[in-house]
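Fold and geometry: a report
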Amino acid sequence: MSDAVQLDQTGAGLPAYETFFLRYVSFPRYVRTMTWHSAVELFHEEGQKINALIHPLSDLQLLSPILIDRLRGMEDSSRNWSPAMTMEHLIITGKDFKDVIIHLNEGKIPERNVNIANYKPSPEIGREVIGRFKGFQDEFITIMSDERYHRSSDIKLGHPWLGPLNSFQWLSLAAGHQYLHRTQIKKILSNYN
């Protein structure tokens, strides 16, 4: 008999009660505390904290998947990642966050269907992810700090768990998403203490 843990299928989502609470209570409450500037600043701060966590890691610590308890707001299938995989996920999702925000603020609906299963990283990530993560962070912050984007669009794009979101809500989500996965990296690294 195997001791292997069976994770939910990729894209299975969150438990129904958690999705409901996130969509109708906690996410709207969180967005009300944010401004465009504070969301960009939170995104930036969380990226810096991730870089500080990653900087001293050996290859083994950076690249080895570690099973952790599921965090609220994170799919079960995402809880057996390495820090490098987590950073790769933030790059993949962050690029789409950026594109969605730009499109919505230009009055366009992006030609994409947000499917959570499409945002999972490959376990074949190397140390180069650190430089790509920093480069992406700098690009995102530069673009989102541009005055052209400091507004909330009337047009919305649906998120599978949160429903239709405007550009400001997508930016707020990007910042909160950085926090969630920085917490994940801390949990992974706690296994080395």
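A quick note: this is a predicted structure, and the numbers were derived from the prediction, not measured.

1. Structural notes on the overall build of the protein
A tally of regular secondary structure across the protein gives six helices and four strands. When the helices and strands of the protein are listed from N to C terminus, the series reads α-α-α-β-β-α-α-β-β-α. Here the C-alpha radius of gyration of the protein, 17 Å, is about what a compact globule of 193 residues would show, namely 16 Å. Projecting the C-alpha coordinates of the protein onto the three principal axes gives extents of approximately 55 × 35 × 30 Å. Every one of the 193 residues in the protein was classed for burial, and the buried ones make up 48%. Relative to all contacts within the protein whose residues are 6 or more apart in sequence, the contacts with residues 24 or more apart total 79%. Of the roughly 10000 Å² that the protein leaves accessible, carbon and sulfur atoms contribute 52%. Counting 21 positive and 22 negative side-chain charges, the protein places the averaged centre of each group 5 Å from the other.

2. What to know about helix α2 (residues 36-54)
With 19 residues, α2 should cover 27 Å at 1.5 Å per step; its first-to-last C-alpha distance of 27 Å lies within 8% of that length. Inspection of α2 places W36, A39, V40, L42, F43, E46, G47, I50 and I54 among the buried residues, and these make up the whole buried set. Angular distribution of buried residues about the axis of α2 spans 160°; they occupy a single face of the element. More than 90 degrees from the buried face of α2, the exposed residues found are H37 and A52. In this structure, the buried side of α2 is in contact with α1 (16-32), α3 (59-63), α4 (83-105), α5 (129-144) and α6 (167-189).

3. Quick notes on α1
Because an α-helix packs 3.6 residues into every turn, residues spaced three or four apart end up facing the same way. With 17 residues, α1 extends 23 Å from end C-alpha to end C-alpha; this agrees with the ideal 24 Å at 1.5 Å per step. Taken as a whole, α1 carries its principal kink of about 50° at L22. For α1, the set of buried residues is E18, T19, F27 and V31. Here the buried face of α1 lies against β4 (163-165) and α6.

4. A closer look at the packing of aromatic side chains
Taken as a whole and assessed by the stated rule, the structure comprises seven aromatic pairs. A centroid spacing of 6.3 Å and a plane angle of 75° characterise the contact between F43 and F136, whose relative ring orientation is edge-to-face. Residue F43 is located in helix α2, and its partner F136 is located in helix α5; the two are separated by 93 residues in the primary sequence. Neither residue differs from the other here; F43 and F136 are each classed as buried. Taken together, the ring pairs connect F43, F136 and F140 into an aromatic cluster.

5. Overview of the environment of I155
Along the polypeptide, I155 turns up in the loop between α5 and β3 (157-159). Exposure remark for I155: the relative accessible area of 26% places this residue in the partly exposed category. Sequence separation between I155 and E106 is 49 residues, and the spatial gap between their C-alpha atoms is 9.3 Å. With near-sequence residues (within four places) excluded, I155 lies in contact with L104, G107, K108, I109, L165, N166 and S167.

6. Digging into the pattern of salt bridges
As enumerated under the stated definition, the model contains 12 salt bridges in all. Taking the shortest distance from any N to any O, the salt bridge between R127 and D59 comes out at 2.7 Å. In this pair, R127 is assigned in the loop between α4 and α5 and D59 in helix α3, connecting sequence segments 68 residues apart. When salt bridges with common partners are traced through the structure, they connect E46, K49 and R182 into a single cluster.

7. Quick look at the nonpolar core
Core analysis: the largest hydrophobic core is formed by 47 residues, its most contacted members being W36, F140, M144, W170 and L171. Those elements that place two or more of their residues in this core are α1, α2, α4, α5 and α6. Take this core: its biggest share by element is 10 residues, from α4. Residues within four places of F140 in sequence aside, it is in contact with F43, G94, F97, K98, I101, L171 and A174. In terms of nonpolar packing, the next biggest core, distinct from the first, is built from six residues, I66, L71, M74 and I188 among them.

Cut-offs applied
- Residues numbered from 1 in each chain as written.
- Predicted model: local features only at pLDDT ≥ 70, side-chain atom pairs only at ≥ 80, totals over all residues.
- Heavy atoms only, no water.
- Helix = DSSP H or I, 4+ residues; strand = E, 2+ residues; numbered from the N terminus.
- Rg over C-alpha atoms; globule rule 2.2 N^0.38 Å.
- Buried < 20%, exposed > 50% of the residue type's maximum accessible area, 1.4 Å probe, protein only.
- Contact = heavy atoms within 4.5 Å.
- Areas by Shrake-Rupley, 256 points an atom, 1.4 Å probe, with all protein chains shown as cover.
- Lys, Arg positive; Asp, Glu negative; His and termini not counted.
- Charge placed at Lys NZ, Arg CZ, Asp CG, Glu CD.
- Expected span 1.5 Å × (residues − 1).
- Arc of directions from axis to C-beta.
- Bend = angle between axes of the 7 residues up to and from the residue.
- Phe/Tyr/Trp six-rings, centres within 6.5 Å; stacked < 30°, edge-to-face > 60°.
- Salt bridge = Lys/Arg side-chain N within 4 Å of Asp/Glu carboxyl O.
- Core = buried A, V, L, I, M, F, W, Y, C linked by side-chain atoms within 4.5 Å.

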